[in-house]
Amino acid sequence: MLSKKRILCVVGTRPEAIKMAPVILALKDTSWAQVRILATAQHRELLDQVLALFGIKPDIDLNIMQSNQSLAELTGRLAIALQDIMVNEKPDMVLAQGDTTTVMMTALICFYRQVPFGHVEAGLRTGNRLFPFPEEANRVITGYLSHLHFAPTETARVNLLKEGVSDDSIIVTGNTVIDSLFLTIRKPVPLDLGLDKTKRLILVTAHRRENFGSPFREICRAIRELAERNPDIQFLYPLHPNPNITDVAQEILSGHSRIVLCEPLNYAEFVSAMNQAYILLTDSGGIQEEAPALAKPVLVLRDETERPEAVEAGVVNLVGPNYERIITATERLLNDEKSYREMARGVTPYGDGHAAERIIKAMQKFFTGRPAA
Ligand code: UD1
Ligand code: UDP
């Protein structure tokens, strides 16, 4: 029987909470884990929305977010705060998911304190240090410092092996986002946004730092042009609260009757919106994983992706933050049924909904030296 282990689960932003929720809930069901939850609150409202939905209450909340925060300020504030937490909490293992500043700094401070760090969603790479920025560098640094690498796919495992990570420390688990998606979709919620059910819905999200400025303006101009040219479609765009996004989106997209701009939706509402959508336009990472599982074509507003599996399966298409390509690819899907059907196939390269279970078994093995029964 495994003695109690103190497991500190760290969450900072919306996608981290969505992807850590199944792990936290499954760990709480074990007899051996004493689960502690640390919210850095790198995101405030977006994080709180997800934690409330999954009924997760942080034990510690650093409330670190500041409006329009710079990477350096965020990194500095996290370093000092996380050092104090590690000293007080004395965890046996720390877990975090993904490639945000919260995750990279958590891995670094664990290294300074010599605490084992388990990386959920390990091994994603574009191979280009500048795209996505700063996440590609965050992932590489985090990977270098991790003791356990929970890789969502075989491709991610191979990426880690190429960087010299030992095979014994990599466990291919599937992506926990599919666990969350399946948990959430079981309880559908209504979407009360006044959408016109007779029009085909295009759901949009965008927030990447490398798209700030003229690439993001180009994305918005393409959306406006598509709405002008196609009277049978409507756009729903829940705006990310980053002011670099909100201000430009309001300037270019407001005042059109078939472009609905709204506050960020909670995860249950967003899953309903994905289910109702005909096409998704996004630069998000998580949506590239979720939408294919719901048989929805995704046009990615980026030139590169660390999630090649769905692109290879032909259900995700990279169009970049590029006016012409966004319009051409969207209109092809709207007007050519064969192209649409080829992309709307329901492919799930990212998991089967049991990733959290595999993570917990691997942690047990790490602590006991034996595979979990
Ligand atoms: C961050 C992550 C990115 C991740 C994304 C998920 C970094 C560097 N970036 O990007 O990898 O894909 O989260 O959404 O780690 N804001 C609010 N309320 C919120 C959240 C954000 O007002 O609940 C505003 C604030 O002004 C904040 C700004 O958005 O300063 C930027 O937040 P930040 O976490 O630095 O970057 P994101 O672009 O959200
Ligand atoms: N999402 C949400 N509400 C929204 C927009 C997105 O709950 O209004 C979910 C979405 O389903 C996905 C995650 O948020 O699981 C993606 O987060 P984001 O785009 O902020 O970050 P990324 O995935 O790019 O890191």
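As shown above, the structure is provided for reference.
Because the structure is predicted, anything quoted here is derived from the model rather than measured.

S.K.: Any chance you could explain empty space enclosed by the protein here in plain terms?
M.R.: Which parts of space are left empty comes out when a probe the size of a water molecule is rolled across the atoms. Inspection of the entire model under this criterion finds 2 cavities of 30 Å³ or more. Looking at the largest cavity, its volume works out to about 60 Å³. In terms of residue count, the dominant contributor to the lining of the largest cavity is helix 6 (residues 154–162) (3 residues). Across the lining of the largest cavity, the residue classes break down as 4 nonpolar, 4 polar and 4 charged. In this model, the second largest cavity occupies a volume close to 30 Å³.

S.K.: Explain the pattern of salt bridges to me, please; I cannot follow it from the model alone.
M.R.: Pairing between side chains of opposite charge can happen when their charged atoms approach one another. Taken as a whole and judged by the stated rule, the model has 28 salt bridges. One salt bridge in this structure joins Arg157 and Glu154, with 2.9 Å as the shortest N-O distance. Here Glu154 and Arg157 lie together in helix 6, a separation of 3 residues that amounts to about one turn. For Asp232, the salt bridge goes to Arg200, with nearest N and O atoms at 2.7 Å. Linking Asp232 in the loop between helix 8 (214–229) and strand 9 (233–238) with Arg200 in strand 8 (residues 200–205), this pair joins segments that are 32 residues apart in sequence. Where salt bridges share partners, they join Lys19, Asp99, Glu121, Glu136, Arg139, Glu289, Arg302, Glu306 and Arg307 into one cluster.

S.K.: Looking at this model, I keep getting lost on the state of the cysteines. Mind explaining?
M.R.: The bond known as a disulfide is covalent and runs between the sulfur atoms of two cysteines. Under the defined criterion, the tally for this structure stands at 0 disulfides. Summary of cysteine pairing: Cys220 is not part of a disulfide, and the nearest cysteine sulfur, belonging to Cys262, is at 14 Å.

S.K.: What is the right way to look at the environment of Asn138 in this model?
M.R.: If you trace the backbone, Asn138 turns up in helix 5 (residues 135–145). Asn138 sits in the buried class, given a relative accessible area of 5%. Between the alpha carbons of Asn138 and Thr106 there is a distance of 11 Å; along the sequence they are 32 residues apart. If we ignore the near neighbours within four places in the chain, the residues touching Asn138 are Asp99, Thr100, Thr101 and Met104.

S.K.: What is the right way to look at helix 4 (residues 101–113) in this model?
M.R.: In an α-helix, one turn spans 3.6 residues; hence positions three or four apart end up facing the same way. The end-to-end C-alpha distance of helix 4, which contains 13 residues, comes to 18 Å, matching closely the 18 Å that a straight helix rising 1.5 Å per residue would cover. Within helix 4, the full set of buried residues consists of Thr101, Thr102, Val103, Met104, Met105, Thr106, Ala107, Leu108, Ile109 and Cys110. Elements that come into contact with the buried residues of helix 4 comprise strand 1 (5–11), helix 1 (14–28), helix 3 (71–89), strand 4 (93–97), strand 5 (117–120) and helix 5.

S.K.: Can you walk me through the site of ligand 2 in this structure?
M.R.: As a matter of local geometry, ligand 2 sits amid 16 residues, with His207, Leu265, Gly285, Gly286 and Glu290 nearest to it. Summarising the interface, the protein chains cover 94% of the accessible area of ligand 2, which totals 540 Å² for the free molecule. Secondary-structure elements contributing two or more residues to the shell around ligand 2 are helix 1, helix 10 (267–276) and helix 11 (286–293). Its residues assigned to classes, the shell around ligand 2 comprises 9 nonpolar, 4 polar and 3 charged.

Parameters at a glance
- Residues numbered from 1 in each chain as written.
- Chains lettered and ligands numbered in written order.
- Predicted model: local features only at pLDDT ≥ 70, side-chain atom pairs only at ≥ 80, totals over all residues.
- Heavy atoms only, no water.
- 1 Å grid on protein atoms, 1.4 Å probe; cavity = no way out; pocket = protein on both sides within 12 Å on 5 of 7 lines; lining within 4 Å.
- Points joined across faces, edges and corners; volume = space filled by probe spheres on them.
- Helix = DSSP H or I, 4+ residues; strand = E, 2+ residues; numbered from the N terminus.
- Nonpolar A, V, L, I, M, F, W, Y, C, P; charged D, E, K, R; others polar.
- Salt bridge = Lys/Arg side-chain N within 4 Å of Asp/Glu carboxyl O.
- Disulfide = S-S within 2.5 Å.
- Buried < 20%, exposed > 50% of the residue type's maximum accessible area, 1.4 Å probe, protein only.
- Contact = heavy atoms within 4.5 Å.
- Expected span 1.5 Å × (residues − 1).
- Near = heavy atom within 4 Å.
- Areas by Shrake-Rupley, 256 points an atom, 1.4 Å probe, with all protein chains shown as cover.

Purely spatial values, then, with no claim about function.
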